[in-house]
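# Survey of secondary and tertiary structure
For reference, the chains in residue letters:
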Amino acid sequence: MTTSVSREPEALPSDWVRHFVDEIPSGIAVFDHELRYIAANPRWINAFHLAATAFAGRRHDELDPLGGAGMAELLRCALSGDTVEGCANLENDGAGQRHQRVVGVRPRVAHNGTIIGVVAALHEIVTGDGGQRAEHAHDQLTGIAGRSSFLARVRSALGSDGNADCGTATFLLDIDNFKGINDLYGARVGDAVLQTIATRLVTSTRSRALFAAGSEIQPAPAHGDLIARLGADEFGIILDAVGDPADVELFARRLLQVVSAPILAGEQRIRLTANIGHLITGRAHRTDDDVLRDLDVALQEAKMRGPNSAKVWEPALTSAMGRRLGMLDQLHRAVDEGEFVLHYQPILSLKDGRVAGAEALLRWNHPSDGLVPPAIFLPLLEESGLIVPVGCWVIRDVVRQMQVWHMLYGRAMIDWVSVNVSPRQFNDPAPLLATLAEINEGGFALDRLKMELTESAFMRSPELARGVLSQLRDLGIRVALDDFGTGYSALGALRQYAVDTIKIDCDFTARLDTTDGKELVLALLKIARIYGADVVAEGVETIMQRDTLREAGCGFAQGYLFAKPMDGRFFGAYALTHLVETGSVA
């Protein structure tokens, strides 16, 4: 049997566009260039209770005196060319349901590029009242599911046989520096931001076309996708019936874009960044604790990659995290048992060859593994915050060692010792400053100490940096800028903070045998002279490098040509030998 197909297009009714817009599940409104209503569909009219109002030709703030100011600000932003989202709010109706609304706006642009008005879209979530059972309770602020609902869904997914070709994708999304939003703008703005983010996650997640972009759309899941608020600034998302891991990665990227779009909260225009850890549940996950553990591991890895990063969980990540936790436990023991030691690398005067100073370097003398390379444990000390008490111990032990040297060999043996101060110590300066004040009160001359700082310590909080540096100078402490020339604004750091010493990074020293490398080092030395700073060249390993630096006017150098780092006892003998050889001992 042959079926004939008419090739004549079906005629559309003259008002088909109006009917189409009326059926859209989101509220839609159109405004002119004076921000007056031109039209709105039924969903918009019902949401803002405009059914009994002749709204055409009037402004929204005239019709809604209480909430219209926020809407008016949104519309003005769109009229200036921005596409933004905001005006999140909760409203209880007479049936015990809560309506959460977020409005997105964009400019209406004519063919010639002129902005002629604004188009607005309303996203709305309707949730039940607070009389639900605790395990199904919604988050009171955002109206979306809470932590208990998220965990219940995870347990349900783990207990389901499911489709062998499909799994359950779970996501853990954390907003960066949300505490800063509350501190800067107040809790009211912070709450509005969270409500906006929650609504964006719901509307983006429940539009599965976004998830399946570029691939075949999966069948609708039996339970529906779940979006939950798990903590103050942490959200969980669950997608059922997931077949392709690439789609999960694509969806995670989409969520990051959704969060990073600008938010208008009151008069504040806010941009956020976030990180996501995600996984598809499998045999490695038997309980909801397993899922949360691995999601958090993936999230921490994403955070290490920087803002707006997503990372899929892999078994190796959990193994690596286990090793990190094990090492962290050992580091706590190392602090308690006194397993850290200091080695000192000599800093020589290129003018006369004497040992002018030293750099104190932290070493971990592990009871079974011996000396552990700093690159293995220093990042974990910084991340965990242990660097703060360990850093204070370093300063005290340097002072103790210098007093021993002075007693044995006289004060002329060495002029100063440099101590590395990490960004964590510098930005949490109270313990550092208290330790130095205590040493100063004990009678030790603090001008025999130098604090070595990297550019990142200055850049994290310039105002704080100025205050800390001022207090260090009041105590007589000198300051060295480490790895000079490797950062983005080392010249600005010299100008703003007037450091006493700059240290030329070993990568520059290694290139002294090339024309470009030599010219670069000469330029760095010239900059240092302009700002009145001493110069220490790091990584000097050849006689040619030493002689080139000396001829160029570099004052000091350190490196394997002179000596490797050594413990305090050997350093004392090394420095004394140089005193004798240079004729500095009477």
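Residues numbered from 1 in each chain as written. Predicted model: local features only at pLDDT ≥ 70, side-chain atom pairs only at ≥ 80, totals over all residues. Heavy atoms only, no water.

## Some words on the overall build of the protein chain
The following threshold applies: The helix and strand labels rest on DSSP assignments: H or I over at least four residues marks a helix, E over at least two residues marks a strand, and numbering proceeds from the N terminus. For the exposure calls, accessible area comes from a 1.4 Å probe over protein chains only, and a residue counts as buried if that area is under 20% of its type's maximum, exposed if over 50%, partly exposed in between. Here a residue-residue contact requires only that any non-hydrogen atoms of the pair lie within 4.5 Å. The method behind every accessible area is Shrake-Rupley, applied with a 1.4 Å probe, and residues are considered shielded solely by the protein chains displayed.
Check the secondary structure of the protein chain and you find 22 helices and 22 strands. By the burial criterion, 46% of the 586 residues in the protein chain qualify as buried. The long-range fraction of contacts in the protein chain, counting pairs at least 24 apart against all pairs at least 6 apart in sequence, stands at 65%. When the accessible surface of the protein chain is split by element, carbon and sulfur atoms take 53% of a total near 28,800 Å².

## Notes on empty space enclosed by the protein
The criterion, for reference: A pocket here means an open set of points on a 1 Å grid, computed over the protein atoms alone, that has protein on both sides within 12 Å along at least five of seven lines. A cavity is instead a set of points where a 1.4 Å probe fits but cannot get out; residues with an atom within 4 Å of a point line either one. Grid points are joined across faces, edges and corners, and a volume is the space filled by probe spheres set on the points.
The tally for this structure, following the rule as stated, stands at one cavity of 30 Å³ or more. Volume-wise, the largest cavity comes out at about 40 Å³. Lining the largest cavity, in full, are Leu35, Arg59, His60, Asp61, Ala72 and Leu75. Elements with a contribution of two residues or more to the lining of the largest cavity: helix H3 (60-63) and helix H4 (68-79).

## Quick word on the sheet that holds strand E12 (residues 309-312)
How we decide: A pair of strands is considered paired only if DSSP assigns at least 2 bridges between the two. Angles here are taken between N-to-C directions and fall from 0 to 180 degrees, while the axes themselves are lines fitted to C-alpha atoms, restricted in helices to the stretch in contact.
Strand order across the open sheet formed by five strands is E7-E8-E6-E11-E12, with mixed pairing between neighbours. The outermost strands of the open sheet, each flanked by one partner alone, are strand E7 (226-231) and E12. When strand polarity is set aside, the average angle formed by the axes of neighbouring strands in this sheet is 20°. As judged from the seven bridges shared by strand E6 (residues 167-175) and strand E11 (residues 274-280), these two strands associate in the antiparallel manner. Within the sheet, the bridge partner assigned to threonine 170 lies in E11 and is leucine 279.

## A closer look at the nonpolar core
Condition: Throughout this description, the term nonpolar core refers to a set of buried Ala, Val, Leu, Ile, Met, Phe, Trp, Tyr and Cys residues connected via side-chain atoms within 4.5 Å.
In this structure, Val398, Leu449 and Phe571 are the most contacted members of the largest nonpolar core, which totals 74 residues. The element contributing the most residues to this core is helix H13 (residues 387-409), with nine residues. In this structure, valine 398 is in contact with Leu342, Tyr344, Ala360, Val417, Val419 and Leu449, ignoring residues within four places of it in sequence.

## Structural notes on the confidence of the model for the protein chain
To be explicit about the condition: Per residue, pLDDT captures the predictor's confidence, and it can take any value from 0 to 100.
Mean pLDDT for the protein chain: 81, with 80% of residues reaching 70 or above. Contacts from residues 1-6, a stretch scored under 50 in pLDDT, to residues over four places away or in other chains number zero contacts. In the model, residues 207-222 has pLDDT below 50 throughout and makes 22 contacts with residues more than four positions away in sequence or in other chains.

## Some remarks on the environment of proline 374
Relative to the helices and strands, proline 374 resides in helix H12 (residues 374-384). Spatially, the C-alpha atom of proline 374 lies 8.9 Å from that of leucine 361, the residues being 13 residues apart in sequence.

## Some points on unusual backbone geometry
We note that asparagine 177 has phi near 50°; this positive angle belongs to a residue other than glycine. When you line up the elements, asparagine 177 lands in the loop between E6 and helix H6 (178-185). Phi at asparagine 308 is positive, roughly 60°, even though this residue is not glycine. Looking at where asparagine 308 falls in the secondary structure, it is placed in the loop between helix H10 (288-304) and E12. Taking relative accessible area as the criterion, asparagine 308 reaches 29% and is therefore assigned partly exposed.

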